Amino acid sequence: MLASVRSANLVGTTGRCVTIEVHVGDGLPGFTMVGLPDETCREARDRVRAAILTCGLPWPNRRITVNFAPAGFRKSGIGLDLPLAVGILAASDTIPVDRLQPYCFIGELGLDGALRRVPGAAPMVAAIRHESPGLVPVVPVENVSEARVVVEGRVEVATTLLDLVSVLRDGTPWPDAPPEAVLAPLAAEPDLSEVRGQPLAREALEVAAAGHHHLLLSGPPGAGKTMLAQRLPGLLPRLDDHTAIEAMMVQSAAGVALPPGGLVRRPPWRAPHHTASLIAMVGGGSSALKPGEVSLAHGGTLFLDELGEFPPVVLDALRQPLEEGVVRVSRARANAEMPARVLLIGATNPCPCGGGRPGECSCSETAKAKYLRRLSGPLLDRFDLRVWVGRPSPEQLLDDRPGEPSAVVRERVIAARERATSRGHGPNSTLSGAALDEVAPLSAGALVIVRNELDRGRLSGRGLHRVRRVARTIADLRGGGEMIGADEILMALQMRVDLASTGVIA
Ligand SMILES: Nc1ncnc2c1ncn2[C@@H]1O[C@H](COP(=O)(O)OP(=O)(O)OP(=O)(O)O)[C@@H](O)[C@H]1O
Ligand SMILES: [Mg+2]
Ligand SMILES: [Zn+2]
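Residues numbered from 1 in each chain as written. Chains lettered and ligands numbered in written order. Predicted model: local features only at pLDDT ≥ 70, side-chain atom pairs only at ≥ 80, totals over all residues. Heavy atoms only, no water.

### Some details on the overall build of the chain
What counts, and what does not: We count a stretch as a helix when DSSP gives it H or I for four or more residues in a row; a strand needs E for two or more, and each element gets its number in order from the N terminus. Think of it in three bands: with a 1.4 Å probe and only protein chains considered, a residue is buried below 20% of the maximum accessible area for its type, exposed above 50%, and partly exposed in between. Note on contacts: a residue pair is in contact if any heavy atoms of the two residues lie within 4.5 Å. Working definition of accessibility: Shrake-Rupley area with a 1.4 Å probe, residue cover restricted to the visible protein chains. A positive count includes Lys and Arg, and a negative count includes Asp and Glu. His and the chain ends are not counted in either. All charge positions are set by atom: Lys at NZ, Arg at CZ, Asp at CG, Glu at CD.
Across its full length, the chain carries 20 helices and 18 strands. Projecting the C-alpha coordinates of the chain onto the three principal axes gives extents of approximately 90 × 45 × 45 Å. Every one of the 506 residues in the chain was classed for burial, and the buried ones make up 52%. Contacts spanning at least 24 positions in sequence make up 75% of the contacts within the chain whose residues lie at least 6 apart. Within the structure as shown, the chain displays about 21500 Å² of accessible surface, and the carbon and sulfur contribution to it stands at 53%. Positive and negative side-chain charges in the chain, numbering 55 and 55 respectively, have mean positions lying 4 Å apart.

### Some words on the site of ligand 1
Operational definition: Here a residue counts as near a molecule or strand whenever at least one of its heavy atoms sits within 4 Å of it. Two N or O atoms form a polar contact when they lie within 3.5 Å of each other; inside protein one atom must be a possible hydrogen donor and the other a possible acceptor, and for residues adjacent in sequence the pair counts only when both atoms belong to side chains. Polarity classes work like this: nonpolar for Ala, Val, Leu, Ile, Met, Phe, Trp, Tyr, Cys and Pro, charged for Asp, Glu, Lys and Arg, and polar for all others, with Gly in that last group.
Near ligand 1, the surroundings consist of 15 residues, among which Arg196, Gly222, Lys225, Thr226 and Met227 are the closest. In this structure, Asn349 approaches ligand 1 through a side-chain N or O atom, which is 3.0 Å from an oxygen atom. Protein chains shield 68% of the accessible area of ligand 1, which is 640 Å² for the free molecule. Here the residues of the shell around ligand 1 are counted per class, giving six nonpolar, five polar and four charged.

### Let's talk about the domain arrangement of the chain
Our working rule: Domain delimitation follows an automatic or database domain assignment. Salt bridges, as used here, are contacts in which a Lys or Arg side-chain nitrogen is within 4 Å of a carboxyl oxygen on Asp or Glu.
The domain architecture assigned to the chain consists of domain 1 (2-182) and domain 2 (192-502). The gap between the C-alpha centroids of domain 1 and domain 2 is 44 Å. The partner domain 2 presents 25 residues to the 21 residues of domain 1 that form the contact. For the pair domain 1 and domain 2, the number of links is zero salt bridges. Counting every contact that joins domain 1 to domain 2 gives seven residue pairs in polar contact (both at pLDDT 80 or more). Looking at the side of domain 1 that touches domain 2, the elements that each hand over two or more residues are strand 1 (2-11), helix 3 (121-131) and helix 4 (144-150).

### Here we look at the packing of aromatic side chains
Threshold: Here a pair means two rings of Phe, Tyr or Trp (six-membered ring of Trp) with centres within 6.5 Å. Their orientation is stacked below 30 degrees between planes, edge-to-face above 60, and tilted elsewhere. Only when the NZ atom of a Lys or the CZ atom of an Arg is both within 6 Å of the ring centre and within 35 degrees of the ring normal do we say a charge sits over the ring.
Per the stated rule, a full pass over the model turns up four aromatic pairs. Here the aromatic rings of Phe31 and Trp59 are separated by 6.1 Å at their centres, their planes lie at 15°, and the arrangement is stacked. Residue Phe31 is found in strand 3 (residues 30-34), and its partner Trp59 is found in the loop between helix 1 (39-54) and strand 4 (63-69); the two are separated by 28 residues along the sequence. Residue classification places Phe31 among the buried residues on the basis of a relative accessible area of 18%. With a centroid separation of 6.2 Å and 55° between ring planes, the pair formed by Tyr103 and Phe105 is classed as tilted. An aromatic cluster of at least three residues, connected via ring pairs, comprises Tyr103, Phe105 and Trp174. Positioned above the aromatic ring of Phe73 is the side chain of Arg16, whose terminal nitrogen or guanidinium carbon lies 4.0 Å from the ring centre. Sitting above the plane of the Phe73 ring, Lys75 keeps its charged end 4.7 Å from the centroid.

### Some remarks on the packing of helix 1 against helix 2 (residues 81-91)
The cut-off we apply is this: Axis definition: a line fitted to C-alpha atoms, over the contacting stretch in the case of helices. Angles run 0 to 180 degrees between N-to-C directions. Should an angle fall under 35 degrees it is called roughly parallel, over 145 degrees roughly antiparallel, and 65 to 115 degrees roughly perpendicular, with every other angle called oblique. In this scheme the crossing of two helices becomes right-handed for a clockwise turn of the near helix relative to the far one and left-handed for an anticlockwise turn of less than a right angle.
For the pair helix 1 and helix 2, interaxial distance at closest approach is 9 Å and the crossing angle is 55°. As far as their axial angle goes, helix 2 and helix 1 are oblique. The element helix 1 and its partner helix 2 pack so that their crossing is right-handed. Here Ala44, Arg45, Arg47, Val48 and Ile52 of helix 1 lie close against helix 2, whose contacting residues are Asp81, Leu84, Ala85, Ile88 and Leu89. Residue composition of the contact of helix 1 with helix 2, grouped by class: seven nonpolar, no polar and three charged.

### Some points on the pattern of salt bridges
The full count for this structure, using the stated rule, is 27 salt bridges. The salt bridge involving Glu323 is made with Arg382; its shortest N-O contact spans 3.1 Å. Of this pair, Glu323 sits in helix 12 (residues 319-324) while Arg382 sits in the loop between helix 13 (365-375) and strand 18 (383-388), placing them 59 residues apart in sequence. Beyond isolated ion pairs, a larger network of salt bridges with shared partners links Glu189, Arg238 and Arg266.

### As for the environment of Arg386
Looking at where Arg386 falls in the secondary structure, it is placed in strand 18. Accessibility expressed as a relative area gives 2% for Arg386, which makes it buried. C-alpha separation for the pair Arg386 and Gln494, spaced 108 residues apart in sequence, amounts to 8.6 Å.

### Quick word on the pairing of strand 18
Stated precisely, the cut-off is as follows: For two strands to pair, DSSP has to find at least two bridges joining them.
Burial analysis of strand 18 places six of its six residues in the buried class, which makes it a mostly covered element. Pairing of strand 10 (residues 214-218) with strand 18, which is carried by five bridges, proceeds in the parallel orientation. Counted as the bridge partner of Leu216 is Arg386 from strand 18.

### Some words on unusual backbone geometry
The peptide bond linking Ala69 to Pro70 adopts the cis configuration, its omega dihedral lying at 0°. As for its position among the elements, Pro70 is in the loop between strand 4 and helix 2. One non-glycine residue, His212, lies in positive phi territory at about 55°. Looking at the secondary structure, you find His212 in the loop between helix 6 (199-211) and strand 10. At Glu306, a position not held by glycine, the phi torsion is positive, near 55°. With respect to the helices and strands, Glu306 occurs in the loop between strand 14 (301-304) and helix 11 (312-317).

### Details of the sheet that holds strand 17 (residues 343-348)
Pairing in this open sheet of five strands is parallel, and the strands run 11-14-17-10-18 from one edge to the other. On the outer flanks of this sheet lie strand 11 (269-270) and strand 18, each paired with one strand and no other. Here helix 6 sits on the sheet and contacts strand 10, strand 17 and strand 18; the angle it forms with strand 18, its principal contact strand, is near 165°.

### Some points on the packing of helix 17 (residues 444-455) against helix 19 (residues 486-494)
Contact pair helix 17 / helix 19: the axes reach a minimum separation of 7 Å and the direction vectors enclose 30°. As summarised for this structure, helix 17 and helix 19 are arranged roughly parallel, according to the angle between their axes. Only Ala486, Ile489, Leu490 and Leu493 of helix 19 make contact with helix 17, whose side of the interface consists of Gly445, Ala446, Ile449, Val450 and Glu453.

See the structure below:
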């Protein structure tokens, strides 16, 4: 007997359709798999056999041949347990073959026949539905909400192999989907109202969020850099539908727990440690090509704390994704393009002792130079905002009046973004020189300041563009008009500390 079951594989954050053909026939008992199965397919085979037997279902002691189609790419066994089991049961007459036709199957089996969550269910289901819009996905309980996001019609739940067999063979009704409460509730976001003082850094966070400007915070230990950075996601607007789905696809593919309902509305926050490997950061690895931190942060914030401690190769590898908003990974048998549009925030001490400023710093000039060399490089170029974070004064720390809450700041951010969008360009951080001339003309007062900075060699051509982009965002936040005024330029210059004078990178 021959049975054919529809399923899918995962490559990066994208699904690829796989059809599993199972033939059970005469000949010596055996189990052969063809069609480029990888090692994990063998594991799937062993799990399927155990699950079928523990469920008390008949295992065909005959010649079993499984073909994974199309042959063109290597198949991973992840998620193929369920379709493989169903295929074997159909090809050996336990389930009528024609009952499989309306469905596609994704799921991992426990040895006891229970179904388990599969990473990448959302992209896999999306791929199948794209190719065959009418098919009804059958997925494990924990994958139901993400599957429902990508499928408008029916999605069915498989709880155990035995229950599924009784649905397909005996016509028992499908089990109900679980209540949403099974999923973990979202933790509270840290709020900006807890930060004392730090007016400039607070404003820089707001500007970063409004104009999508990457932000570097530098300052002595304990000044509150990490604390401030953690409050950036709370200033970002909720993700729009498109980005929320993209973020869900990435997080699903990485096997990260999804929020209730599946869609990722809260901007992600990722803070990889500086010991994170290159693959952990940008993605790749085995044949499945897993998404890395920069993709997991898609739509949200990537925080690199202690920036100078990251190996240069890792920082270098971030340049392409930061530029293009996608990661491209290619391996011998697979290519993947994974979304990676992130707001980057870095934090660093200005020198090994952390003091950084003349009089506060005990480092030798060579030690200082060496430390900064690790940081300097093309990645630094990406930071439109470079802000010095000094230690708050005792008065500020003891002041028990709460600061402005994140929700209020976020409203301003949303309004500023709307202003930027209405001009028909992308976020202000992406404005080209020509676009700046159009949307950020300088007032006479602003021109005088800028000229002075240029004349004194404190601003380069590229630096000028950066300052104008930031000034545009500051003006948008202030509800301002078309012209960039002196105030906005001065504020933008303050958010661009100069290494030469402070020990901070220019
Ligand atoms: N402005 C502030 N308002 C309120 N609390 C603060 C402030 N600055 C620092 N703190 C307190 O000090 C702690 C340490 O700050 P944080 O870890 O953010 O410093 P840091 O600049 O990241 O230091 P390091 O360079 O050592 O990483 C915070 O968890 C917070 O409790
Ligand atoms: Mg810190
Ligand atoms: Zn020092």
